[in-house]
Amino acid sequence: MRRHLYLLLILCAGSILCMLWACNHPATIDEQMPDVVSYNFNIRPILSDKCYKCHGPDASKRQAGLRLDMPESAFKALKDDPNAHVLVPGSPAMSELFRRVSTNDTAEMMPPANSNLKRLTPHEVDLVKKWIKQGAKFEKHWAFVPPKVVPLPEVKDKAWPKNPIDNFILRKQEQYGLEPNPEADKERLLKRVSFDLTGLPPSLDMMDRFLADKSGNAYEKVVDELMKSQAYGEKMTLHWLDVARYADSHGYQDDNYRTQWPWRDWVIHAFNENLPYDKFVTWQLAGDLMPNASKEQLLATGFNRNHKITEEGGVINEEYRVAYVTDRTNTFGKALLGVTIECAHCHDHKYDPFSQKEYYQLFAFFNQVKEPGIQSTVGGPETYAKRPMMQVTNDDVKGILKFVNKQDTGKLIVSVMGDSEVYRKTYILKRGNYDTHGDEVQPGTPKAILPFDSSLPKNRLGLAEWLFSRKNPLAARAFVNQTWQEFFGKGIVKSSGDFGMQGDLPSHPELLDWLSVDFIDHGWDIKRLVKQLVMSATYRQSAVVSPEKLKIDPENTYLARGPRSRLPAEFVRDMVLASSGLLTKTIGGPSVNPYQPAGLWENATSGRGILANYRQVHGVNLYRRGMYTLIKRTVPPVEMAIFDASNRDQCEVKRLRTNTPLQALLMENDPTVLEAARVLATKLIQDKSSSKEKVYKAFRLIICRKPNEKEQAILDSYYNEELKAMDLHTAGKVLNVGEYPLPDNVNKVNLAAMMKVVDVIYNLEEAITKT
């Protein structure tokens, strides 16, 4: 069995070997033990004072020390004793490394006894011994080796897997003495897959049809129906908006409005049309450089103009221009490669094999854009996009850009990409300072990932070709992992934005490789990948957790139960609007300002621009999906922020997930929730059915399942209590929320009592949770 031992033993001071351990460069070990899981040291590196002398800010000017993450250094003779070697392949006894980590002599041991660094455990020392005995072989970090075809694992329970994903998952469960949960009941499974594929709850009609369908492919029929919905594209787009740092304002101090939303319309369109991932990204990186580029391809390049842009007078032009290029470079690394390339902006990466020179070689691809750092200060519509820009005309929205939701575009402008006719030289920026030029560099890519092929054009189109080369180890893995994360709650690699030495190891490395190769082999087909995930037995499991499973696998790493997580901020809003019947289902179009507490924008503004004051929308625009809520970067929507939405300042591939009292307070007091409760209660009251049937229907609409007897009894009792205590005056106060019209002929006392019941249901944890 091959194991990966991750070591970083960094530098010495004088003749003393100073060792530091980290999740880093892999050394291959064959252990004579059951095939359980890849072994991994994950001990954070700590620089002692002595080490800092060699690794501080000016380390490059000092004598290089010993690097045991680099084989060319690790096998060298010691400087003070040419007959001694740190590593002698096959001989632990002759290896100074092993002698120092295994000795009990305080004058010899490493780390030094007085260093306060944790010593290796006996098991770790034994692993080092085995590794040396087996030849001390070094390998590249797992993420920098291209994914390869992996045979399906054999499993004991051959009846459980529904597709190849399940073989990999079940094999790992069997190794840990776990077994999968049974399939979730149809109601909970439908709710899960409906939110995961559309971001919306299933309708009552869909629930009833699915429950009544006893055919073997009933679930697959529902999956296909949901994936054909236009809401599928909206759901898939939400994550990409975080990745692309999409917002409706320029950012910085003035933070004025921008008209970038047609790019968002294109993303929804691209997901619904199932544009292959390689084309989807290539158009966004280099659509303007495509042969005979269409307006659609040009619009797609808005991806790299979503960054913040200053409109403040008096700034230094070059400083901000460099900031924009830096943002694109960092986004490319995090979003599309899953690495922290930004850590090489000021110096060589401390953990990953990316030099500062390589950072600026990558930077060079984005350094040719014909844009200034400051183009215009706050003004009218002509400042809502920045050069390079494109116009979207009425003819466009009737033709090639028919997916753009705008009937009369006027002079609608969108920021897009476009390179200068004059080549701009790129330099290493010392310490990352915009005005401190070092050596000139040419466009290139990190060699540890994949050297840039000299036959490719040295522009963004060439970079896209490099990205989707079969030899590139990261492009497919990064996207597959992010997609897995969106359906299972966390990625196969938990640190979605860091596949490097400091990131998490994959919980199922063979599965990640299999999915990545399969994704490439099937034309980078996103819908096919998504369907594979939701059709798996792994995905369909009940989310119920037993004490035994909770003890063995508290984080559900081995997926012996179904995913259970709170809905994203935008889908909390969508659930409320959809279940009440308030939701406006229009696809795309400009962002809107729904209800918001007074004064938030006004108390955090420079006073310039049309976003200085909050102007709430009215009518159907009040009830648009959460993804269309206008995002002002300096004051993001409060209800979204409370539920952990990104403020879109920079690329994010994974949202934080918190549980705070503010979230409960928001659900209790948000006018949108209260208005939805009133509107749904009105529809129920107007229905000629018993109060018990009304409560039953409300529960199904919101929770997406039938209430059990106890739940029904509690809610019925609460309704009767509220009805008894309610008077006309109190009812008037309860119902006085939101702008949706209140019918004149309704019994306000009955309505207020029913509204209170509906509001309670909205405030159940299950209402905003995938179970």
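A brief report on the enclosed structure follows. Keep in mind the model is a prediction, meaning the values are calculated, not measured. (Residues numbered from 1 in each chain as written. Predicted model: local features only at pLDDT ≥ 70, side-chain atom pairs only at ≥ 80, totals over all residues. Heavy atoms only, no water.)

### Observations concerning the overall build of the protein chain
Stage number 1. Within the protein chain, the secondary structure is distributed over 29 helices and 12 strands.
Stage number 2. Over its C-alpha atoms the protein chain spans a radius of gyration of 29 Å, differing by no more than 12% from the 28 Å that the globule rule assigns to 771 residues.
Stage number 3. Taken along the three principal axes of its C-alpha coordinates, the protein chain extends 100 × 65 × 50 Å.
Stage number 4. Restricting the contact set of the protein chain to residue pairs at least 6 apart, pairs at least 24 apart contribute 70%.
Stage number 5. A total of about 32700 Å² of accessible surface is found on the protein chain, and carbon and sulfur atoms cover 53% of it.
Stage number 6. Charge centroids of the protein chain, computed over 101 positive and 95 negative side chains, lie 1 Å from each other. (Helix = DSSP H or I, 4+ residues; strand = E, 2+ residues; numbered from the N terminus. Rg over C-alpha atoms; globule rule 2.2 N^0.38 Å. Contact = heavy atoms within 4.5 Å. Areas by Shrake-Rupley, 256 points an atom, 1.4 Å probe, with all protein chains shown as cover. Lys, Arg positive; Asp, Glu negative; His and termini not counted. Charge placed at Lys NZ, Arg CZ, Asp CG, Glu CD.)

### Thoughts on the packing of aromatic side chains
Stage number 1. In the structure shown here, the tally under the stated rule is 33 aromatic pairs.
Stage number 2. Both rings, one in F468 and one in W524, keep their centres 5.0 Å apart while their planes meet at 85 degrees; by these two values the pair is edge-to-face. Taken together, the residues F468 in the loop between α16 (460-467) and α17 (475-488) and W524 in the loop between α18 (509-521) and α19 (526-535) connect sequence positions 56 residues apart. The exposure classification of F468 matches that of W524, with both residues buried.
Stage number 3. One aromatic cluster is present, formed by W240, W266, F271, Y277, F280, W283, F303, F468, F479, F519 and W524 through successive ring pairs. (Phe/Tyr/Trp six-rings, centres within 6.5 Å; stacked < 30°, edge-to-face > 60°. Buried < 20%, exposed > 50% of the residue type's maximum accessible area, 1.4 Å probe, protein only.)

### What about the pattern of salt bridges?
Stage number 1. Using the criterion set out here, one finds 42 salt bridges in the structure.
Stage number 2. Close ionic contact of E652 with K334 constitutes a salt bridge, the shortest N to O distance being 3.6 Å. Taken as a pair, E652 in the loop between α23 (638-642) and α24 (661-669) and K334 in helix α13 (residues 317-337) lie far apart in primary sequence, 318 residues in all.
Stage number 3. Among the residues examined, E652 registers a relative accessible area of 23% and is labelled partly exposed. (Salt bridge = Lys/Arg side-chain N within 4 Å of Asp/Glu carboxyl O.)

### Points about helix α10 (residues 261-272)
Stage number 1. End to end, α10 covers 17 Å across 12 residues, agreeing with the expected 16 Å (1.5 Å per residue, within 8%).
Stage number 2. Buried residues dominate α10, accounting for 11 of its 12 residues.
Stage number 3. Those residues of α10 lying buried are W261, P262, W263, R264, D265, W266, V267, I268, A270, F271 and N272.
Stage number 4. In this structure, the buried residues of α10 make contact with α9 (230-243), α11 (277-286), α12 (295-300), β8 (412-415) and α19.
Stage number 5. Downstream of α10 by a residue or two, N274 has a phi angle that is positive, lying close to 55 degrees. (Expected span 1.5 Å × (residues − 1).)

### Some words on α17
Stage number 1. Its 14 residues place the ends of α17 20 Å apart at the C-alpha level, agreeing with the 20 Å of an ideal helix rising 1.5 Å per residue.
Stage number 2. Phi for G489, located one or two positions after α17, is positive at around 95 degrees.

### Details of the environment of P180
Stage number 1. Residue placement: P180 occurs in the loop between α5 (164-175) and α6 (186-198).
Stage number 2. Taking C-alpha positions, P180 is 6.2 Å from R561, a pair spaced 381 residues apart along the chain.
Stage number 3. What P180 contacts, discounting residues up to four positions off in sequence, is W160, L170, Q173, Q541, K549 and A560.

### A look at the packing of helix α25 (residues 671-686) against helix α29 (residues 748-762)
Stage number 1. For the pair α25 and α29, interaxial distance at closest approach is 8 Å and the crossing angle is 125 degrees. Taken together, the axes of α25 and α29 lie oblique to each other. Of the two possible hands of crossing, α25 and α29 adopt the one that is right-handed. Counted together, V673, L674, A676, A677, R678, L680, A681, T682, L684 and I685 of α25 and N750, L751, M754, M755, V758, D759 and Y762 of α29 form the full contact between these two elements.
Stage number 2. Its residues assigned to classes, the contact of α25 with α29 shows 13 nonpolar, 2 polar and 2 charged. (Axes fitted to C-alpha atoms, helices over the stretch in contact; angles between N-to-C directions. Parallel < 35°, antiparallel > 145°, perpendicular 65-115°, else oblique. Left-handed = near helix turned anticlockwise from the far one by under 90°. Nonpolar A, V, L, I, M, F, W, Y, C, P; charged D, E, K, R; others polar.)

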